Amino acid sequence: LKRLMFVIFVQSALISGLTALPPLPDAAWQAMEAVQCRLLRALWKGGAVVQHGEDKIRSKPNTVVRRHWRILPVREEVRVLRVRRLQRWMKTPDHYKHILAVILGPSKLDENEHIDTSDQLGVPNENATPWATQMQSDFTTLYNLLEEADAAEVPGVIAAFRDSELRQRLQIVDVTVLRSAF
């Protein structure tokens, strides 16, 4: 019951909205994960420490605390949510074509200048939005879950939206495998 209440009230509040933000710096993720672990330790009520001798008390590592409560680090939980969202978008890309155009499409700074945001393979380049770069990273994570995936030849996320066969294969990938890695 404690874990369920933590997930409902704390974890969901901690990660709500993070899927919409551009990639965060490592310091921001570390701060959120520190809060998460501090609250999990408090929830454990002393179970997160080990006594060595009469006067030495040591804290258990954060990985042990998270494993005990079966809670992912904030960064990984948000990645799972983004990958699931990517799968939904791949299932019915016509429903999401406007947001995909905003995130992945080329931009125009003025009437005469056109800036490409991806290379020939559909991989976002240095001119792409931070969201497009993040989406490519999430796509790579999803693509690598395919059994026949070749990590050396990860296509671009833009090309994947155009390849209906690849989209269908990616939709059925079980992303809970990402959770089991922790």
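Residues numbered from 1 in each chain as written. Predicted model: local features only at pLDDT ≥ 70, side-chain atom pairs only at ≥ 80, totals over all residues. Heavy atoms only, no water.

Visitor: Quick rundown of the overall build of the chain? Include the residues and the values.
Guide: Each helix and strand counted, the chain has nine helices and four strands in total. Mapped from its N terminus to its C terminus, the chain presents α and β elements in the order α-α-β-β-α-α-α-β-β-α-α-α-α. Taking the principal axes of its C-alpha atoms as reference, the chain extends roughly 75 × 40 × 30 Å. Going through the 182 residues of the chain one by one, you find that 34% of them count as buried. Contacts spanning at least 24 positions in sequence make up 61% of the contacts within the chain whose residues lie at least 6 apart. For the chain, the exposed surface amounts to about 11,400 Å²; the carbon and sulfur share of it is 55%. (Helix = DSSP H or I, 4+ residues; strand = E, 2+ residues; numbered from the N terminus. Buried < 20%, exposed > 50% of the residue type's maximum accessible area, 1.4 Å probe, protein only. Contact = heavy atoms within 4.5 Å. Areas by Shrake-Rupley, 256 points an atom, 1.4 Å probe, with all protein chains shown as cover.)

Visitor: Lay out unusual backbone geometry in plain terms, naming residues and giving numbers.
Guide: For residues that are not glycine, phi is negative in most cases, and the peptide bond is trans in most cases. A positive phi angle is found at lysine 45, which is not glycine, with a value near 50 degrees. Here lysine 45 is to be found in the loop between α2 (26-44) and β1 (49-52). Of the residues examined, lysine 45 reaches a relative accessible area of 67% and is grouped as exposed. Here the phi dihedral of arginine 70 falls at roughly 55 degrees; this positive angle occurs in a residue that is not glycine. Within the fold, arginine 70 resides in the loop between α3 (62-69) and α4 (74-91).

Visitor: Would you mind going over the pairing of β1 in detail, with residue names and values included?
Guide: Side chains on a regular strand alternate between the two faces of the sheet. Sheet analysis places β1 next to strand β2 (residues 56-59), joined by four bridges and oriented antiparallel. Considered in β2, the bridge of valine 49 is made with serine 59. (Pairing = 2+ DSSP bridges.)

Visitor: Which residues make up the confidence of the model for the chain, and what values go with them?
Guide: Scored by pLDDT, the chain comes out at a mean of 85, with 93% of its residues at no less than 70. Mean pLDDT in the chain bottoms out at strand β3 (residues 107-110), which sits at 56, and peaks at α2, which reaches 92. (pLDDT = per-residue confidence, 0-100.)

Visitor: Could you give an account of the packing of aromatic side chains, with specific residues and numbers?
Guide: One pass over the full model with this rule turns up two aromatic pairs. Ring geometry for tryptophan 89 against tyrosine 96: centres 5.8 Å apart, planes inclined by 35 degrees, an arrangement best described as tilted. Between the aromatic rings of phenylalanine 139 and tyrosine 143, the centroid separation amounts to 5.9 Å while the plane-to-plane angle is 35 degrees, which identifies the pairing as tilted. Separated by four residues within a single helix, phenylalanine 139 and tyrosine 143 lie in helix α6 (residues 130-144), roughly one turn from each other. This pair shows no difference in class: phenylalanine 139 is buried, exactly as tyrosine 143 is. (Phe/Tyr/Trp six-rings, centres within 6.5 Å; stacked < 30°, edge-to-face > 60°.)

Visitor: I'd like a description of helix α5 (residues 97-104), backed by residues and values.
Guide: Listing the buried residues of α5 in full gives Leu100, Ile103 and Leu104. The buried residues of α5 occupy one face: seen down the axis, they fall within an arc of 75 degrees. Among the exposed residues of α5, those oriented more than 90 degrees off its buried face are His98 and Val102. Elements that come into contact with the buried residues of α5 comprise α4, α6 and α7 (157-162). (Arc of directions from axis to C-beta.)

Visitor: Help me get a handle on the side chain of threonine 117, residues and values and all.
Guide: Along the chain, the position of threonine 117 falls in the loop between β4 (113-115) and α6. Exposure remark for threonine 117: the relative accessible area of 7% places this residue in the buried category. A polar contact of 3.2 Å, which involves the side chain of threonine 117, links it to the backbone oxygen of leucine 104. (Polar contact = N/O pair within 3.5 Å; in protein donor to acceptor, adjacent residues only side chain to side chain.)

Visitor: Lay out helix α1 (residues 2-15) in plain terms, naming residues and giving numbers.
Guide: With 14 residues, α1 extends 18 Å from end C-alpha to end C-alpha; this agrees with the ideal 20 Å at 1.5 Å per step. The principal kink in α1, of about 30 degrees, is found at isoleucine 8. Considered for burial, the residues of α1 that qualify are Phe6, Gln11, Leu14 and Ile15. Looking at the buried residues of α1, the elements they touch are α2 and α4. Two residues or fewer past α1, glycine 17 is found with a positive phi of approximately 85 degrees. (Expected span 1.5 Å × (residues − 1). Bend = angle between axes of the 7 residues up to and from the residue.)

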